[in-house]
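Breakdown of the fold
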Amino acid sequence: MGFFEFVFTVEFFFSIIRITAPIIFATLAAIICQKGGVSNIGLEGTMMMSALFGSLFAYYSGSWIVGVLVAIITGIIVSLGIAFFAFNLRTNIILAGTAVNMIGSGGTIFLVKVITGMTEGNQLTSTNGLISTRLQIPVINIPILKDIPLIGGVLSGHSLLTYLAFVLVFLTWALLYKTPIGLNIRSVGENPNAASSVGVSVIKIKYTVLIIGGILAGLGGAFMSMYYSMGWSQDMVAGRGFIALAATAMGGGEPLGGLLAALIFGFAQALSIKASAVGIDSNLVSPIPYLVTIIGLVVFAIVAREKAKKPHKVKESA
Amino acid sequence: MKKIMKLILALILSVSLVACGGGGSDEGGAGSSEGGEGAYNVAYLVNGNLGDKSFFDSAKAGLDQLEADGRINLKTIEMGGTDSDKPKWESILYEVSDSGEYDYIIVGTFQMPDFLKAAATDYPDQKYIIFDDNTYVGNNDNVLNLMYKQNELGYVLGVLAGGITTDTSVANINEDAVIGFVGGQDSPVINDFLIGYIEGALSVNPDIKIDTRYTNDFVDTAKSKEFALSMMNDKKADIIWGVAGNAGNGAAEAVLETNNAWFIGVDSDQEQTFIDELAAITLTSGLKNIGNSLIWVFDEIDAGNDDFWGTEIALGLAENGVGIVDDKNYDAVVPDSVKELVAEAIKAVQDGSVEVSTAFGPNKVDVAEIRDSVRP
């Protein structure tokens, strides 16, 4: 079996899409917040909270739809919390975001013990024991497409939320560039004083972008605990909320760029899993996605600098 | 804006009320019963609740047996496992130590050593036993640390996996002699499980390949799921042992998704802790038999061999300190020929004719080299 046949299998491309989806949710959340001039670094914690409540309510209600809705609502509530502390009480928003991340890690463990009364024994805390596949977000086999060889295997059979993630990239783009509210969001992000001088409520817009970010992060959390894994477990988001911040920077703060960056990250992680299969040391394999992120950021910075230089050159030669 | 503020404040209030209301899982002491004359008085402090189907229940079962045999008088105190219960742990430990009523006080898990160290220092005449922890071994002469030989556990599971992986008459098993291991970290403790697993598998099939992956954390279930999927898709592994805390469960989920392999659990009987669907694809679990180890301790005490205070004792197959789940799926799925192999392997380790290598201590072997030599 040759190298390419070994690496580039149908499962490989399928896993890229699966790995990318939760990062897309978080990246879109970060992008829309950034466009509105809000640095929301609390996405990791927001996703943890949503993952927990999504899976718990799926269990209590017996319905994954309720779980996803509760995950979204949780995302909104957590984001409102950040907004309230940052804009009404004038906390530094980076601190508010950091607090949410810490709550997402330690607070969720506390909550799951209080709510379910589970004891951990020697096991780490999780809701794995409550969730069956019936409570998971369903997988969709797309008719016709699924019968096409190779492409069908890669594109069909993903969860509802995976497809939604990719659709949301275009919806986010449309929201930002094709709607009046998108214009307001961008103007507040570019220059809040100017926006406010023409009667745009800056604080309302900032609340709005955080709420939209909360919805997106909520979906990301639901993806983690209700499709990717069966149930919530301690620290399960495992840095995806932070990767999204890097992907946002890499993608130039644009939805399509963010999608590309998330896909590059997904590719890198899928590749690192293949690399572990051929016996490369695990300590070298696990940083691959982060290495790719750094390289991506460097490339982006160089491209941006070249772009900035060009007009000057034209002037000089003229 | 005022309205929104009010709403949020109300929300925060109600959330905190709910949190307070839910936390009332107060556990009092469980009853003690009259034992035989001359029996030891033993207090078992559970830093959680019974019913965990894991360490706490295992310890309780062993102690119940000792009590039923009239060897101890047992007092079990469930101290609760939530964060709000934690402050109680130390005070209960002190109270029980201070009462002077107990010959032995038993605690367990990685959450207790700090409290125990303090209490053991303040009550030097009180004897304490702590299971599955060796943080402060040797620090106090009145504490016994019980540990468990994971390499011997790995050996038995390796024999099982190696014996079954080419037996296509078993459901979900393919003809390739490849088995998998998802570890949490490339660290001595995890590699101790692994080295036994490799040696056990090689002992029944010298040509077997073992696909080892490390998730590099114990929490990323999704990552360990991807690793397990890659093992099955790329390497045709059909037995996967997950030794990565919660992340290990991701491997079980991967097996459930593809349905062409078996998962092996660790530490507790995961067929009992998993939901039915995951339990159905779990072949067996490697166990630390806390209960048996406590019985062993009292056997030694009665035999006058209790010079182990202030040290760490690692219990293996010979002392019944480790073992595998041999009912449920194991009983139903594993062919008799393989069961025989497993029984022989256990016996061989018990009588010392097989010595399993270890990944730490003075006699440690080069796990990385062995791991690479059996890579598929």
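Cut-offs used in this document
- Within each chain, residues carry numbers counting from 1 in the order of the written sequence.
- Starting at A for chains and at 1 for ligands, labels are handed out in the order in which the entities are written.
- With pLDDT at 70 or above as the cut-off, local features in this predicted model cover only qualifying residues; side-chain atom pairs require 80 or more to be listed or tallied, and sums for whole chains, interfaces and linings still use all residues.
- Hydrogens are left out, water is left out, and the side-chain values use all remaining heavy atoms of the structure.
- Secondary structure counts use DSSP, requiring at least four H or I residues in a row for a helix and at least two E residues in a row for a strand, with both numbered from the N terminus.
- It is over C-alpha atoms that the radius of gyration is taken, and the globule rule equals 2.2 Å times the number of residues to the power 0.38.
- Two residues qualify as a contact provided that any one of their heavy atoms is within 4.5 Å of a heavy atom in the partner residue.
- Accessible surface area values rest on a Shrake-Rupley calculation with a 1.4 Å probe, where residue burial reflects the displayed protein chains alone.
- This count recognises Lys and Arg as positive and Asp and Glu as negative, with His and chain-terminal groups excluded.
- In plain terms, the charge of a residue is placed at NZ if it is Lys, CZ if Arg, CG if Asp and CD if Glu.
- In this text, buried Ala, Val, Leu, Ile, Met, Phe, Trp, Tyr and Cys residues form a nonpolar core when linked through side-chain atoms within 4.5 Å.
- The rule is simple: take the accessible area with a 1.4 Å probe, protein chains only, and divide by the maximum for that residue type; under 20% is buried, over 50% is exposed, in between is partly exposed.
- Throughout, buried area stands for the accessible area (probe radius 1.4 Å) lost by two parts on being put together, summed over both.
- Here, a salt bridge means any Lys or Arg side-chain nitrogen found within 4 Å of an Asp or Glu carboxyl oxygen.
- Residues adjacent in sequence count toward polar contacts only when both atoms are side-chain atoms; beyond that, a polar contact is any pair of N or O atoms within 3.5 Å, and within protein one must be able to donate a hydrogen and the other to accept it.
- All amino acids are sorted into three groups, where Ala, Val, Leu, Ile, Met, Phe, Trp, Tyr, Cys and Pro are nonpolar, Asp, Glu, Lys and Arg are charged, and the leftover types, Gly among them, are polar.
- Pairing between strands is defined by DSSP: at least two bridges between the two strands are required.
- In this description, a line fitted to the C-alpha atoms serves as the axis of each element, helices being fitted only across the stretch in contact, and the angle between N-to-C directions of two axes falls anywhere from 0 to 180 degrees.
- Segmentation into domains, and thus their bounds, comes from an automatic or database assignment.

In terms of helices and strands, chain A carries 14 helices and two strands. Over its C-alpha atoms chain A spans a radius of gyration of 21 Å, differing by no more than 12% from the 20 Å that the globule rule assigns to 318 residues. Sequence separation of 24 or more characterises 76% of the internal contacts of chain A that already satisfy a separation of 6 or more. Looking at chain A as shown, the accessible area adds up to about 13500 Å², and 71% of this sits on carbon and sulfur atoms. In chain A, which carries 18 positive and 11 negative side-chain charges, the distance between the mean positions of the two groups comes to 11 Å.

This part is about the nonpolar core. Core analysis: the biggest nonpolar cluster contains 80 residues, and A:Phe87, A:Phe223, A:Met224 and A:Trp232 have the highest contact counts within it. Residues within four places of A:Phe223 in sequence aside, it is in contact with A:Arg18, A:Ala21, A:Pro22, A:Phe25, A:Ser159, A:Leu161, A:Thr162 and A:Tyr228. One finds B:Ala177, B:Phe193, B:Ile198 and B:Val349 within the second-largest nonpolar core, a separate group that totals 71 residues.

In this section: the interface of chain A and chain B. Contact residues are listed per partner, giving 49 residues for chain A and 49 residues for chain B. When chain A packs against chain B, the two sides together hide about 4300 Å² of surface, and 55% of this comes from carbon and sulfur. Scanning the region where chain A abuts chain B turns up four salt bridges. For B:Asp220, the salt bridge identified is with A:Arg240, shortest N-O distance 3.3 Å. Inspection of the region where chain A meets chain B yields 15 residue pairs in polar contact (both at pLDDT 80 or more). Secondary structure elements with two or more residues in the side of chain A that touches chain B: helix H2 (10-35), helix H4 (64-88), helix H5 (93-116), helix H10 (202-228), helix H12 (255-277) and helix H13 (282-285) of chain A. Split by residue class, the side of chain A that touches chain B holds 20 nonpolar, 21 polar and eight charged.

The subject of this paragraph is the sheet that holds strand E12 (residues 322-324) of chain B. All names here are of chain B. Pairing is mixed in the open sheet, where six strands are placed in the order E7-E6-E8-E9-E10-E12. Where the open sheet ends on each side, the last strands, each with one partner, are strand E7 (209-214) and E12. The mean inter-strand angle of the sheet, taken between neighbouring strand axes irrespective of direction, is 15°. Where strand E6 (residues 178-183) lies against strand E8 (residues 239-243), four bridges are found, and the strand directions are parallel. The residue of E8 that forms the bridge with Val182 is Gly242.

Residues and elements named next belong to chain B. Domain annotation for chain B reports domain 1 (2-148) and domain 2 (150-287 + 322-373). Facing the five residues of domain 1 at the interface are seven residues of domain 2. Taken over both partners, the interface formed by domain 1 and domain 2 buries close to 450 Å², and the fraction arising from carbon and sulfur atoms is 54%. Together, Lys53, Phe55 and Tyr148 form the three largest contributors to the area buried by domain 1 at its contact with domain 2, with a combined 86%. Scanning the region where domain 1 abuts domain 2 turns up zero salt bridges. Taken together, the connections running from domain 1 to domain 2 amount to one residue pair in polar contact (both at pLDDT 80 or more). Partitioned by chemical class, the residues of the side of domain 1 that touches domain 2 number two nonpolar, one polar and two charged.

This next bit is on the sheet that holds strand E2 (residues 72-78) of chain B. All names here are of chain B. The strand order across the open sheet built from six strands is E2-E1-E3-E4-E5-E11, with neighbouring strands paired in parallel fashion. What marks the edges here is a single partner per strand, and that holds for E2 and strand E11 (312-315). The sheet shows a mean angle of 20° between the axes of neighbouring strands, taken without regard to direction. Looking at chain direction, strand E3 (residues 104-108) and strand E4 (residues 127-131) are connected through five bridges and run parallel.

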